[in-house]
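Chain residues, written in single-letter form:
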Amino acid sequence: MTHTLTPDAPLADSEISLATALLQMMIRVRVLEEGIERHFLAGEIPGFAHLSIGQEAVAAGVCAALRRDDYIASTHRGHGHTLAKGTAMRAMVAELFARADGVCRGKGGSMHIADFSVGMLGANGVVAGGFGLVVGAALAARLRKTDQVAVCFFGDGATNRGPFHENLNLAAIWNLPALFVLENNHYASTTATSETMKIEDVAIRADGYGIPSQIVDGFDALAVYYGTGEAVERARRGDGPTFIECKTYRVRGHYIGDPERYRTKGEVDAHKSDDPIVRLQARLGSNLSQRDFEGLWEAAKSEFADALAFARASAQPEAGEAFRGAYEGDRDPETPHGAFAVREEAAF
Amino acid sequence: MARTISFTEATLEAMREEMRRDPTVFLMGEDIAKQGGIFGQFKGLPDEFGIERVRDTPISEAALVGAGVGAALAGMRPVVDMHFADFITCSMDELVNQAAKLRYMFGEQCTVPLTLRAPDGITKSAGAQHSQSLENWFVHTPGLEVVIPANARDAKGLLKSAIRSNNPTLYFEHKALFPRKGEVPDDDDFVIPFGKAETMREGGDATIITYGITVGRALEAAETLERDERIAVRVVNLRSLWPLDYDAIADAVAATHRVVVAHEAVRVGGVGGEIAAFIAEHCFDDLDAPVIRLGAAHVPVPFAPVLQEAMYPKAPAIAAACRDLVRKVR
């Protein structure tokens, strides 16, 4: 296991534009999620929504090290991954608002958002649901002889499920171009990780499958980026999967509206200095003026305002949509699936 | 032209033809490459296609089906062998929550052209955990296709269609059918479209609606009734349970007015119930008698041969049901 430590040294000139881009992405994710929180509480967003505020460095750092044609699979806490992989904010917000112009036509929502045009194979309502998708996508890359990689984002809770173990083993024995990126935010829903496993570093589980691992400061977008870059290079070379444990912290509750009875305000406040945006701004120091920093926020806020207007203006899906889309062919009444869809629609 | 080959050979032909036709088709499962499959149904495939496309795997059903879904999303056409259909239970999330839902849930951004091959059914005292017929669970799950061959011809035509389908498809093949021989057309492009039942035998007194291995049992029952009692029975082989050929069911009721639905799966909550309910809702006026459902008893499949053979419908029970129906109204 290697530990990628956070260097305190000043940034090299070559790192400044990278660091600024990472900071910008984290700010976009933060603004998006704070907006989601506001409009969820205002009753404009149905269903459930889970925020990754405080964890943005992982989404930004990992996705910056990927190409558009690489794959990711995400979790129920996936807004950051989706935006960082390249999905347009308009398509995301419209999806969360359950509108026809949403990236999934309003049929997925926050917990099941996907964007295949950028290799985003979906948030997943099932904890550990992404492992198989990523291992399969990595296998497809191998069989098609491309040099794509596939990245699975997951939380500490997912590592207590069987598919984690089965898929890590499969990726290892087949030497697949897969990355397993753990966002250890120290809570599985509302239960502290210390109560659900007897180990501090989940990365040691990768040792059991012969997969090399890194432990990364998950509040440091640069550290995440460099760790991911190494793992991506290994995977593209054909040297197999890597496990990256990002130590981070979930600042918000498990879901929007979570009363958070399982932890103290003091515990949450103690992590304020870990804010990855604050941390990277400090690293950038005089390389980014206060004015430019504020400019990043303003740009993100107007991007969100535009996405919000787009979502509000978008139509609701037509009722007939409910009966179609499960099967290829179900939009054509001449096919068996299409004929049945007509029959189902008529029954309501 | 047609040739007589075994059900196993028919599935092998389907695999070979589809793997030659489409380089994205690949196969994975336990004991398939080196061992050739527990029923010999994969013998020789690695010689032609190599062990990258015919992959032996660990005993990790959740990962196999999950990776099958992932590979399908990424442009491949995986065929995953479940070893025994009973082991689908170890991959239910991957099948029910992932494979079945992704296309719909993601607004049709993707297709999931995954085929699961699942050897099922009662044979040779395999016992409670190696004998089940679980198809009704998946008919009940929107997003999946479910097909069940009754003979070598179905085996080839349905497997080829399953591989070509862009929807996730469960292909249940009864273990006792593998060695049985039957006629298969000489045509590399012979496929059986989903959602089209086949009338295996005409008859005006009653219809047996059935599928899979029970088709043979129904034909045997029909022949006995014709020969010994001059009762003429139509036999409908559904072949595909989802999509289901509701029109063929309605036609059979209109033509014969009496229906037995028979399958080896447990009767309670089985596919026969869906068919009987459809007939009651849509064909009530055509009926001369209530529909009879036949299926296995609501117990696990027992080990002792004498117990095993007592708990699922075979030709005599199917014939008796037809006879009862016909006598009721004569």
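Parameters and conventions
Residue numbers here run from 1 along each chain, matching the order of that chain's written sequence. Here the convention is simple: chains get letters from A, ligands get numbers from 1, in the order in which they are written. Selection of residues for local features in this predicted model requires a pLDDT of at least 70, selection of side-chain atom pairs for listing and counting requires 80 or more, and totals for whole chains, interfaces and linings are taken over all residues. Helix numbering and strand numbering both begin at the N terminus, where a helix is a DSSP run of H or I of at least 4 residues and a strand a DSSP run of E of at least 2. Here the globule rule reads 2.2 Å times residues to the power 0.38, and the radius of gyration is calculated from C-alpha atoms. Exposure in this text rests on C-beta crowding, where 20 or more other C-beta atoms within 10 Å of a residue's own make it buried, 12 or fewer make it exposed, and counts in between make it partly exposed. The C-beta atoms are placed from the backbone. It is the C-beta atoms, placed from the backbone, that decide contacts: two residues are in contact if theirs lie within 7 Å. Residues were grouped as follows: Ala, Val, Leu, Ile, Met, Phe, Trp, Tyr, Cys and Pro as nonpolar; Asp, Glu, Lys and Arg as charged; and all remaining residues, including Gly, as polar. The pairing criterion is simple: DSSP has to find at least two bridges between the two strands. Only C-alpha atoms enter the line fits that serve as axes; for helices the fit covers just the stretch in contact. Angles between N-to-C directions range over 0 to 180 degrees. Expected span, for any helix, means 1.5 Å times one less than how many residues it has. Joined through C-beta atoms within 7 Å, a set of buried Ala, Val, Leu, Ile, Met, Phe, Trp, Tyr and Cys residues constitutes a nonpolar core.

Q: Quick question: what am I supposed to make of the overall build of chain B here?
A: The secondary structure content of chain B amounts to 12 helices and 14 strands. Scaling as 2.2 N^0.38, a compact globule of 330 residues should have a C-alpha radius of gyration of about 20 Å, and chain B matches this with 20 Å. In terms of overall dimensions, chain B has C-alpha extents of about 60 × 45 × 40 Å along its principal axes. Relative to its full complement of 330 residues, chain B shows a buried share of 60%. Sequence-distant contacts in chain B: of pairs separated by 6 or more residues, those separated by 24 or more amount to 78%.

Q: In this structure, what is going on with the overall build of chain A? I would like to understand it.
A: For chain A, the helix and strand inventory stands at 13 helices and 8 strands. The buried share among the 348 residues of chain A stands at 53%.

Q: Help me understand the interface of chain A and chain B, please; the structure alone is not making it clear to me.
A: It is common to report an interface's size as the accessible area lost on association of the parts. Every contact between the two is made by 37 residues of chain A and, on the other side, 38 residues of chain B. Of all the elements in the fold, those that place two or more residues in the side of chain A that touches chain B are α5 (130-143), α6 (162-173) and α13 (336-346) of chain A. Ranked by residue count, the leading element in the side of chain A that touches chain B is α5(A), at 11 residues. A per-class count over the side of chain A that touches chain B returns 21 nonpolar, 11 polar and 5 charged.

Q: In this structure, what is going on with the sheet that holds strand β5 (residues 115-120) of chain B? I would like to understand it.
A: The strands that make up a sheet are held in pairs by hydrogen bonds between backbone atoms, and each pair lies either parallel or antiparallel. Residue and element names in this part refer to chain B. Reading across the sheet, the 7 strands line up as β3-β2-β4-β5-β7-β6-β12 and stay open at both edges, with mixed pairing between neighbours. The sheet is open, and its two borders are formed by β3 (54-56) and β12 (240-242), each paired with just one other strand. Neighbour-to-neighbour, the strand axes of the sheet open up by a mean angle of 20°, direction not taken into account. Inspection of the sheet shows strand β2 (residues 25-29) paired to strand β4 (residues 77-81) by 5 bridges, in the parallel sense. Looking at β4, one finds that Met 28 is bridged to Val 80. Each of β2 and β3 is contacted by helix α2 (residues 45-53), which is oriented at about 60° to β3, the strand it contacts most. On top of the sheet, helix α3 (residues 61-73) reaches β2, β4 and β5; it is set at about 170° to β4, its chief contact.

Q: I keep staring at unusual backbone geometry and nothing clicks. Help me out?
A: A negative phi angle characterises most non-glycine residues, just as the trans form characterises most peptide bonds. Residue Trp242(B) is joined to Pro243(B) through a cis peptide bond whose omega torsion reads 0°. Secondary-structure assignment places Pro243(B) in the loop between β12 and α9 (246-256). Even without being glycine, Ala98(A) reaches a positive phi, approximately 65°. By the secondary structure assignment, Ala98(A) is in the loop between α4 (89-96) and α5.

Q: When you look at helix α12 (residues 290-313) of chain A in this model, what are you seeing that I'm missing?
A: Think of an α-helix as 3.6 residues a turn; residues three or four steps apart then line up on the same face. Residues and elements named next belong to chain A. Under the 1.5 Å per step criterion, the end-to-end length of α12 is 35 Å for 24 residues, consistent within 8% with the ideal 34 Å. Within the sequence span of α12, burial applies to Leu 296, Ala 300, Phe 304, Ala 307 and Ala 311. On its buried face, α12 sits against α1 (13-41) and α4.

Q: Before we go on, may I ask you to explain the nonpolar core in this structure?
A: It is characteristic of soluble globular proteins that their nonpolar side chains tend to be buried jointly. Of all hydrophobic cores here, the largest spans 212 residues; its most connected members are Val134(A), Ala137(A), Val151(A), Ala178(A), Val260(B) and Cys322(B). In terms of residue count, α1(A) provides more of this core than any other element does, 11 residues in total. Setting aside anything within four residues of it in sequence, one finds Val134(A) in contact with Tyr71(A), Ala73(A), Ala150(A), Val151(A), Cys152(A), Ala178(A) and Gly70(B).

Q: Looking at this model, I keep getting lost on helix α7 (residues 152-164) of chain B. Mind explaining?
A: Residue and element names in this part refer to chain B. Between its first and last C-alpha, α7 extends 18 Å over 13 residues, near the 18 Å set by a 1.5 Å rise per residue. Across the 13 residues that make up α7, a large majority, 12, are buried. Restricting attention to buried positions, one finds in α7 the residues Ala 152, Arg 153, Asp 154, Ala 155, Lys 156, Gly 157, Leu 158, Leu 159, Lys 160, Ser 161, Ala 162 and Ile 163.

Q: What is the right way to look at the sheet that holds strand β9 (residues 198-201) of chain B in this model?
A: Residue and element names in this part refer to chain B. The sheet built from 5 strands is open, its strands ordered β9-β11-β10-β13-β14 with mixed pairing. Strand pairing shows two members of the sheet lacking a second neighbour, β9 and β14 (292-296), which therefore form its edges. Direction aside, neighbouring strands of the sheet carry axes that sit 25° apart on average. Both β9 and strand β11 (residues 233-237) contribute to a ladder of 3 bridges, which runs antiparallel. What sits directly across from Thr 199, in β11, is Val 236. Running over the sheet, helix α10 (residues 271-282) touches β10 (206-210), β13 (259-266) and β14 and is turned about 155° from β13.

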